[in-house]
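Coordinate inspection notes
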Amino acid sequence: MTQSNLLNTLNKAQRDAVTAPLGHLMILAGAGSGKTKVLTNRIAWLIKTGQAKSNQILAVTFTNKAANEMRERINVLLKEPTPGLWVGTFHGIAHRLLRIHWEAAQLPQNFQIMDSEDQKRLLKQVIRSLEMDDKVFTPRKAAHFINARKDQALRAKDVVADDNYSNKMLKIYYAYENACQTSGIVDFAELLLRSYELLRDNPILLEQYQSRFEHLHVDEFQDTNTIQYQWLALLLGKFGKLFVVFDDDQSIYGWRGAKIENIQHLQNQFDNISLIRLEQNYRSTGNILNAANALIARNQDRLGKELWTKDHAGEPIFIFKAYNETDEAQYVANRIRAWRGRRQDIAILYRTTAQSRVFEESLLQKGIPYRIYGGLRFYERLEIKDTLAYLRLVQHPHDNGAFERVLNTPKRGIGLKTLGMIRELANQQTMSLWQAAQHLIATKQLKARAASSLFKFLDLIEQLSRKVTDLSLDKKIERVKIASGLIEHYKKDTKQDAQRRLENLEELTNAARQFEENNQNVTDILTAFLDHAALEAGERQSGKSNDNVQLMTLHSAKGLEFKVVFICGLEEGLFPHQNSLDELQLEEERRLCYVGITRARNHLHLSHSETRYRYGTRDVCKPSRFLKEIPKELVKLILK
DNA sequence: CGTTAAGCAATTTTT
DNA sequence: TTGCTTAACG
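Heads up: these notes are all about the structure in this document. In this text, all values refer to a predicted model and were calculated from it rather than measured experimentally. Residue indices begin from 1 for each chain and proceed along its sequence in written order. Throughout, the order in which chains and ligands are written sets their labels, letters from A for the former and numbers from 1 for the latter. Where local features are concerned, this predicted model is filtered to residues with pLDDT of at least 70; where side-chain atom pairs are given and counted, the filter is 80 or more; whole-chain, interface and lining totals use all residues. The side-chain figures draw on all heavy atoms in the structure; neither hydrogens nor water molecules are used.

1. Remarks on the side chain of Asn 281
Runs of E in the DSSP output that reach at least two residues are strands. Runs of H or I that reach at least four are helices, and both are numbered from the N terminus. Within the secondary structure layout, Asn 281 lies in the loop between β8 (274–278) and α13 (286–296). We define a polar contact as two N or O atoms separated by no more than 3.5 Å, with the added condition that, inside protein, one atom must be a possible hydrogen donor and the other a possible acceptor, whereas residues neighbouring each other in sequence contribute only through side-chain atom pairs. Within the local environment of Asn 281, its side chain forms a polar contact with the backbone oxygen of Ala 31, the two atoms lying 2.7 Å apart. Whether two residues are in contact is decided by their heavy atoms, any of which lying within 4.5 Å being enough. Beyond its immediate chain neighbours, meaning those up to four positions away, Asn 281 contacts Ala 31, Gly 32, Leu 289, Leu 307, Trp 308 and Thr 309.

This is the structure in structure tokens:
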């Protein structure tokens, strides 16, 4: 492909962005304006024109999906190998750095990653061992406290606590830091913070990476948090060139620590940074765009942009007022039944997951197949995590989280009493649970029955570690599944989901086999697989066939598009949500609505209900203010 | 040890 | 109302 070919498919603004002279650049890319296209074409352009070698380029995204898509599209554009090109998520790249430089990062070589669930489990332990009330200081709140600090690059020692509550939380933070470091595990936030510190505290290393990655590309920059910003700024150094793509109107993760202010910071920090706007939309009809534009114009805090299209105005936006949530769901199902096209082009979007049930019922009733996004992902499932915990323990017996998880899973007669003694001893002697358990047996402190059960467990793990070392990954998993008794446990289980769990365990072996095939050059395949399970927990989907109506929250719809979109439950208190009515959060709710509207290509239906059943009582609901913010001339009210 | 009743909270979730 | 956690019981 020649250079001009590369540019043929781009409009003026896109071409300006792709071919801009080297320097810092920020691209304000509206919904459906070709943001990924610009990003990937820019990278291809840099390589094609010899302005950069592939190993000088780093591209960072938030999701694995986006990273994979980007890599693929770059490959399609270039049709040549791109050695040393790093494309990945913030967490993925941070992790990569930590694996390479584990020693400088002060981590054990075999450090493990824990997901949010593991983190809460561990925190629960920590809170209890501090003899605090875990109803006041819930693991969830503690996790939030700690993650929020880490996201701001604050270690426990850097936190200033001025009231009793934060003092207690800080205590938990200290104890948690300690627990993580001694058992060699890192949580998601730690990946970022640790990798930031690694670079910050090792000038030679920093310089090496600064000069290697001269070109930094960031997708969805509006979603970056403080530590991600600092990490980027650090890596950028004096000579790096930054290319970020963002849409401030699609910032919907403030509650997770995303700092929309980072956009402003960027402009302040680099006064020579140029801004290019992509406002031509290739997705939606004129009416849909005008509705979106009018709505988002109500927000004070934005850079400002106006989407436009060469496409026709299209249908009006339909607004339906239902008597109750069932009526609303019936309306949606009826509309869907009347649709002549493919069902997968239809999405039902809602603010809260609880809303999905009524839609399921109405779709089921009318025999319309659907698929719900949400729920557990593959590697988050109970039986999968149990199996992986056995693997972790086999490889690394001092992993306390794994130890606690599988000690009595499946049930083997080791109760809370025994576990309590193990914990206590481990705490006193600062040893791992594994060591404490061995010690308890050796010193005969347990009753005969408990001692025998515990001994059998320790023996099981030891035997496994010996037998499993030389086996391939899938054989390892096969072995663990049987020896642990998990398979037998689910085979005996008469509950409905037991069969599915068995199938999932089967699937785990397949996934392992596949993973091993794809990673033949990796030395420590087990660790790599465990990392993969933690960092890429799989798709959040249920149901396989592909002609399904798509049901999901507005948040999960970001980045997707559908011919027909229903946004439901547009009522004050639900959307915008009760808990987000202050000025700042309200703007984020409005952006969420904007995201929802701009998912639609051809048809947009908005619905609200006069009453809604919530928490056991029926509430009277006012229509959402967002409905009034859409100009009347674009709207058609549906009459019953 | 496993089952059951009572108590309680109740957005959104890229990694 | 549902779903989850924990204390109490068999």
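2. Observations concerning the sheet that holds strand β14 (residues 600–609)
An order of β11-β12-β10-β13-β14-β9-β17 is seen for the seven strands of this open sheet, with the pairing classed as parallel. The strands lining the two open edges of the sheet, one partner per strand, are β11 (370–372) and β17 (635–638). Here the strands of the sheet are splayed against their neighbours by 25° on average, with no regard to which way each runs. Note that strand β13 (residues 562–567) and β14 share five bridges and pair parallel. Counted as the bridge partner of Phe 566 is His 605 from β14. Convention adopted: a line fitted to C-alpha atoms gives each axis, helices being fitted over their contacting stretch, and angles between N-to-C directions are expressed from 0 to 180 degrees. Contacts between α13 and the sheet are confined to β9 (317–322) and β14, with β14 contributing the most and set at about 55° to the helix. Here helix α14 (residues 325–338) sits on the sheet and contacts β9, β10 (346–350), β12 (549–553), β13, β14 and β17; the angle it forms with β9, its principal contact strand, is near 145°. The rule for pairing is simple: two strands pair if DSSP sees at least two bridges between them.

3. A word on the nonpolar core
Judged by nonpolar contacts, the single largest core of 52 residues is most densely connected at Tyr 379, Leu 388, Phe 403, Ile 422, Phe 457 and Phe 529. Considering each element in turn, this core owes the most residues, eight residues, to helix α20 (residues 448–468). Leaving out residues up to four positions away in the same chain, Phe 403 has contacts with Leu 393, Ile 422, Leu 433, Trp 434, Ala 437, Phe 457 and Leu 458. What makes a nonpolar core is a set of buried Ala, Val, Leu, Ile, Met, Phe, Trp, Tyr and Cys residues whose side-chain atoms join them at distances within 4.5 Å. Classification of residues uses two cut-offs on accessible area relative to the type maximum, computed with a 1.4 Å probe and protein chains only: under 20% is buried, over 50% is exposed, and between them is partly exposed. In this structure, Val 60, Ile 93, Tyr 209 and Ile 227 belong to the second largest nonpolar core, which totals 46 residues.

4. Here's the deal with the protein's contact with DNA strand C
Inspection of the region around DNA strand C gives Lys 124, Arg 128, Asp 134, Arg 357, Tyr 613, Tyr 615 and Gly 616 as its neighbouring residues. A cutoff of 4 Å decides nearness: a residue is near a molecule or strand if any of its heavy atoms lies inside that distance of it. In DNA strand C, atoms within 4 Å of the protein come from the sugar-phosphate backbone in 47% of cases. With respect to DNA strand C, the side chain of Lys 124 contributes an N or O atom lying 3.2 Å from a phosphate oxygen. At 3.1 Å, a side-chain N or O of Arg 128 approaches a phosphate oxygen of DNA strand C.

5. A short note on unusual backbone geometry
For the bond running from Thr 409 to Pro 410, omega is -5°, close enough to zero to count as cis. Looking at the secondary structure, you find Pro 410 in the loop between α17 (400–406) and α18 (416–428). The amide bond that connects Phe 575 to the next residue, Pro 576, takes the cis arrangement and shows omega of 5°. As for its position among the elements, Pro 576 is in the loop between β13 and α26 (583–597). The backbone of Ala 153 shows a phi angle near 65°, a positive value even though the residue is not glycine.

6. Some details on helix α21 (residues 473–483)
Taken as a whole, α21 has its buried residues at Leu 473, Asp 474, Lys 476, Ile 477, Val 480 and Lys 481. Each buried residue of α21 sits inside an arc of 155° when the element is viewed along its axis, so together they form one side. Buried residues belonging to α21 abut α16 (382–395), α20, α22 (486–492), α23 (497–518) and α24 (525–535). In the segment just after α21, Gly 485 is the residue with positive phi, at about 90°. Taken from the helix axis, the directions to the C-beta atoms give the arc we talk about.

7. Looking at α13
Of all 11 residues in α13, nine are buried; the element is thus mostly enclosed. Restricting attention to buried positions, one finds in α13 the residues Gly 286, Asn 287, Ile 288, Leu 289, Ala 291, Ala 292, Asn 293, Leu 295 and Ile 296. The inward-facing, buried residues of α13 contact β9, α26, β14 and α27 (625–628).

8. Quick word on the sheet that holds strand β2 (residues 57–61)
Strand order in the open sheet formed by six strands is β3-β2-β6-β7-β1-β8, and the pairing between neighbours is parallel. Edge positions in the open sheet fall to β3 (86–89) and β8, since each of these has one partner strand only. Taken pair by pair, the neighbouring strands of this sheet meet at an average axis angle of 15°, ignoring direction. In the sheet, strand β6 (residues 215–218) pairs with strand β7 (residues 241–246) via four bridges, with the strands oriented parallel. Bridge assignment links His 215 to a residue of β7, and that residue is Lys 241. Contacts from helix α2 (residues 12–19) reach β1 (25–29), β7 and β8 within the one sheet, and its direction differs from that of β8 by about 145°.

As far as function goes, none of this settles anything; it's purely spatial.
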